[in-house]
Amino acid sequence: STIDARPSSSAEPQAVLTPLTEASIFLTLVIEPGGEDGVRGVLGDVSGLRRSVGFRLPEGELTCVIGIGSAAWDRLFDGPRPRSLHPFRELHGAHHAPSTPGDLLVHLRAHRLDMCFELAHLLRNRLRPHARVVDEVHGFRFFDERDLLGFVDGTENPEGNAARTAVLIGEEDPAFAGGSYVVTQKYLHDMDGWDALSTEEQEDAIGRTKLQDIEMSDDRKPPNSHIALNVIEDENGDEKEILRFNMPFGHVGTDEFGTYFVGYTRDPAVLEQMLQNMFVGTAEGHHDRILDFSTAITGNLYFVPTADFLDDPPGA
Ligand code: HEM
């Protein structure tokens, strides 16, 4: 007999475990008063609309993930709620991580922006007048998967079984097994300040080399580097991982240089520990050097139900 490595429920996850793509659109929406029934109806149509756009260009590998915020969950659904769903927790420390409005996240990925754009347009039309878009980011691949700080971003993402274990809910919340959580933050970079650093100083901020993307040895890696603060371990010394799909975005005319941070996790506490280390600092007083050149202007936490849940939302 074969071993079933899937979560205890065989419900189909949304397309969370998609590799980084060349193009992405992120829509953050707020549900209008009284828009709940309309939104629930649209959720059931998402997979069909995704097929309508995606099937015309299979090699474009269009995917769509929908996240639902904590307050929105209670407005949309009766019955049990995901165990760890709560509003994004604002952080005040050495740096500020704001919590901003967001009832729904639409995370679109494809090899081409036109596919993301077409599906974003169709979803937006269907969601009107039930919800309004409060933030829209068009992300692009920047050379060899670099962020606008110039560093390769995404290298240490878990793969295969490790990725599934890091992001998909299992027996800890059986009613929502196969689901996930996602945190988004929109960051703007101070490129003049960053560019004034030497390459060595930039490498010290990240904890990896810039050209070849090699991790620094533990004795070389500064304790306030991004890597040092984001490698966290459980009581057995095993690394607690998340799955990131950051995308660069920007507008040259207004000097806007951004990173849209997207982190999927099975347990928001793991990601919140990373944010705590970055923004507030560790017990030793180290906080993240990249935040001296990066300002978070949004912050949201969403639950990502399974595809089966979305196709047939309770009460729809
Ligand atoms: C690693 C950039 C925000 C968690 C990295 C790396 C870069 C990077 C360049 C090294 C290569 C890699 O493994 O991907 C950025 C930028 C950010 C940002 C530009 C925003 C301005 C965050 C946030 C979190 C986070 C908010 C978590 C809350 C991680 C983790 C790693 C990582 C877990 C991998 C650590 C390892 O296993 O070596 N990031 N990051 N990052 N980042 Fe970020």
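Residues numbered from 1 in each chain as written. Predicted model: local features only at pLDDT ≥ 70, side-chain atom pairs only at ≥ 80, totals over all residues. Heavy atoms only, no water.

Trainee: Describe the site of the ligand, and please don't skip the residues or the numbers.
Mentor: Every one of the 25 residues lining the ligand counts as a neighbour, but Gly154, Glu156, His226, Glu239 and Arg244 are closest to it. A distance of 2.5 Å is found between an oxygen atom of the ligand and a backbone nitrogen or oxygen belonging to Gly154. A distance of 3.1 Å separates an oxygen atom of the ligand from a polar atom in the side chain of Glu239. When atom positions are compared with the pocket grids, the ligand is found to occupy the largest pocket. Looking at the shell around the ligand, the elements that each hand over two or more residues are β7 (180-189), α8 (226-230), β12 (256-265) and α9 (268-280). With 4 residues, the single largest contributor to the shell around the ligand is α9. Classifying every residue of the shell around the ligand gives 11 nonpolar, 8 polar and 6 charged. (Near = heavy atom within 4 Å. Polar contact = N/O pair within 3.5 Å; in protein donor to acceptor, adjacent residues only side chain to side chain. 1 Å grid on protein atoms, 1.4 Å probe; cavity = no way out; pocket = protein on both sides within 12 Å on 5 of 7 lines; lining within 4 Å. Sits in = over half its atoms within 2 Å of the grid points. Helix = DSSP H or I, 4+ residues; strand = E, 2+ residues; numbered from the N terminus. Nonpolar A, V, L, I, M, F, W, Y, C, P; charged D, E, K, R; others polar.)

Trainee: Tell me about helix α1 (residues 36-43), and name the residues and values.
Mentor: For α1, a buried count of 6 out of 8 residues is recorded, marking the element as mostly surrounded by other parts of the structure. Buried within α1 we find Glu36, Gly38, Val39, Arg40, Val42 and Leu43. (Buried < 20%, exposed > 50% of the residue type's maximum accessible area, 1.4 Å probe, protein only.)

Trainee: So what's going on with a negative patch on the surface? Residues and values would help.
Mentor: On the surface, a cluster of negative charge is contributed by Glu12, Asp308, Asp311 and Asp312. Position of Glu12 relative to the elements: it lies in the segment before β1 (23-31). A relative accessible area of 49% places Glu12 in the partly exposed class. (Patch = residues over 30% accessible without salt bridge, like charges linked within 9 Å, V, L, I, M, F, W, Y side chains within 5 Å. Areas by Shrake-Rupley, 256 points an atom, 1.4 Å probe, with all protein chains shown as cover. Salt bridge = Lys/Arg side-chain N within 4 Å of Asp/Glu carboxyl O. Lys, Arg positive; Asp, Glu negative; His and termini not counted. Charge placed at Lys NZ, Arg CZ, Asp CG, Glu CD.)

Trainee: Account for the layout of surface pockets, with residues named and values stated.
Mentor: A volume near 720 Å³ is recorded for the largest pocket. Asp153, His226, Ile227, Asn230 and Arg244 are the residues nearest the centre of the largest pocket, which is lined by 35 residues in total. If you list the elements that add at least two residues to the lining of the largest pocket, you get β7, α8, β9 (239-240), β12 and α9. Looking at the lining of the largest pocket, the element that brings in the most residues is α9, giving 4 residues. Considered class by class, the residues forming the lining of the largest pocket number 16 nonpolar, 10 polar and 9 charged. In this structure, the second largest pocket occupies an estimated 330 Å³ of space. (Points joined across faces, edges and corners; volume = space filled by probe spheres on them.)

Trainee: Describe α9, listing the residues and the values that go with them.
Mentor: If you check α9, its first and last C-alpha atoms are 17 Å apart, about what 13 residues at 1.5 Å a residue would give, namely 18 Å. Turning to α9, its buried residues are Pro268, Val270, Leu271, Met274, Leu275, Asn277, Met278 and Phe279. Note on α9: the residue one or two positions beyond its end, Gly281, has a positive phi of about 115 degrees. (Expected span 1.5 Å × (residues − 1).)

Trainee: An account of unusual backbone geometry is needed here, citing residue identities and associated values.
Mentor: Omega for the peptide link from Arg128 to Pro129 comes to 5 degrees, which places this bond in the cis form. At Glu145, a residue that is not glycine, the phi angle is positive and equals roughly 60 degrees. Taking relative accessible area as the criterion, Glu145 reaches 29% and is therefore assigned partly exposed.

Trainee: Help me get a handle on the coordination of the iron atom of the ligand, residues and values and all.
Mentor: The protein supplies the iron atom of the ligand with one donor atom, His226 (NE2), which lies at 2.0 Å. With respect to the element layout, His226 can be found in helix α8. (Donors = N, O, S within 2.8 Å, 3.2 Å for Na, K, Ca; no water.)

Trainee: I'd like a description of the side chain of Asn230, backed by residues and values.
Mentor: Residue position: Asn230 is located in helix α8. Here Asn230 is in contact with Met274, Met278 and Asp288, once residues within four sequence places are set aside. (Contact = heavy atoms within 4.5 Å.)

Trainee: Would you mind going over the packing of helix α2 (residues 46-54) against helix α4 (residues 113-127) in detail, with residue names and values included?
Mentor: At a closest axis distance of 10 Å, the pairing of α2 and α4 adopts a crossing angle of 145 degrees. α2 and α4 meet at a crossing whose hand is right-handed. Residues Val46, Leu49, Arg50, Val53 and Gly54 of α2 lie in contact with α4, whose contacting residues are Met115, Glu118, Leu119, Leu122, Leu123 and Arg126. Broken down by class, the residue content of the contact of α2 with α4 amounts to 7 nonpolar, 1 polar and 3 charged. (Axes fitted to C-alpha atoms, helices over the stretch in contact; angles between N-to-C directions. Left-handed = near helix turned anticlockwise from the far one by under 90°.)

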